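These are the residues of each chain, in order.
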Amino acid sequence: KAGVTQTPRYLIKTRGQQVTLSCSPISGHRSVSWYQQTPGQGLQFLFEYFSETQRNKGNFPGRFSGRQFSNSRSEMNVSTLELGDSALYLCASSWDRGSYEQYFGPGTRLTVT
Amino acid sequence: AQSVAQPEDQVNVAEGNPLTVKCTYSVSGNPYLFWYVQYPNRGLQFLLKYITGDNLVKGSYGFEAEFNKSQTSFHLKKPSALVSDSALYFCAVRDSGGYNKLIFGAGTRLAVHP
């Protein structure tokens, strides 16, 4: 079974621009969560989508948004990029909500200059 | 508020020796606990989880973890370390207010020396 895939793997953007990251979950998985990983803040939860609806949101500004499609694929968008948005963005999928483990993709490394 | 602490930034162990990576947690209600490993330039790989039942949980690659409710700990262990186990290890707890929201510890870098 193919794992979680994320595209692109690397991205360089300029302050003020916007970016869209894509995540394809493991086949059959219905929940997709996004995390931001930085050296200073560690791993922080961004949001979770299940059945095309956002179920949870972390403490991030409204510039961070996402969506999920009917095939469970998900995208996250960051508008008006700031230098502090430079991070590894990880997508994770799980079969359902609750006690199920999440499986992570390789991440998208975003650099904002 | 829920939290996870990994008190050691780095753990050094010789190949063939047992290893322990420590984790303590603070949650309201019953904890759902997880261990993940991250290799350079890779995402996180699931190792094991504790939901309920036996306090000793066995996971992937020979790792196991011991849940201790009285000490609110969930330490990761392996009887015999391999050089290839060298990586960054994260303990996580499911947020009681969000089914798939994980709260991670800061991570512990494990270095296994030949």
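Residues numbered from 1 in each chain as written. Chains lettered and ligands numbered in written order. Predicted model: local features only at pLDDT ≥ 70, side-chain atom pairs only at ≥ 80, totals over all residues. Heavy atoms only, no water.

Our focus in this paragraph is the nonpolar core. Side chains of nonpolar character tend, in soluble globular proteins, to be buried together. Ranked by internal contacts, the top residues of the largest apolar core, which has 27 residues, are Trp-35, Leu-47, Leu-48, Phe-74, Leu-76 and Tyr-89 of chain B. Counting residues per element, the ones that place at least two in this core are strand S2 (10-14), strand S3 (19-21), strand S5 (33-38), strand S6 (44-50), strand S8 (64-68), strand S9 (73-78), strand S10 (87-94) and strand S12 (108-113) of chain B. Of the residues forming this core, the biggest block, 4 residues, is contributed by S10 of chain B. The next biggest cluster of nonpolar side chains, apart from the first, holds 21 residues, and it includes Val-4, Cys-23, Val-32 and Ala-87 of chain A. (Core = buried A, V, L, I, M, F, W, Y, C linked by side-chain atoms within 4.5 Å. Buried < 20%, exposed > 50% of the residue type's maximum accessible area, 1.4 Å probe, protein only. Helix = DSSP H or I, 4+ residues; strand = E, 2+ residues; numbered from the N terminus.)

As a further point, take the state of the cysteines. Taken as a whole and judged by the stated rule, the model has 2 disulfides over all chains. Bridging Cys-23 of chain A to Cys-91 of chain A, the disulfide has an S-S length of 1.7 Å. In this structure, the disulfide formed by Cys-23 of chain A and Cys-91 of chain A twists by about -55° around the S-S bond and is classed as left-handed. Within this pair, whereas Cys-23 of chain A is found in strand S3 (residues 19-24), its partner Cys-91 of chain A is found in strand S9 (residues 87-94), the two being separated by 68 residues in sequence. Like Cys-23 of chain A, the residue Cys-91 of chain A is buried in the burial classification. One disulfide bridge connects Cys-23 of chain B with Cys-91 of chain B, the sulfur atoms lying 2.0 Å from each other. The S-S bond linking Cys-23 of chain B to Cys-91 of chain B shows a torsion near -60°; that makes this disulfide left-handed. Note that Cys-23 of chain B is positioned in the loop between S3 and strand S4 (24-26) and Cys-91 of chain B in strand S10, a separation of 68 residues in sequence. In terms of burial, Cys-23 of chain B and Cys-91 of chain B fall into one category: buried. (Disulfide = S-S within 2.5 Å.)

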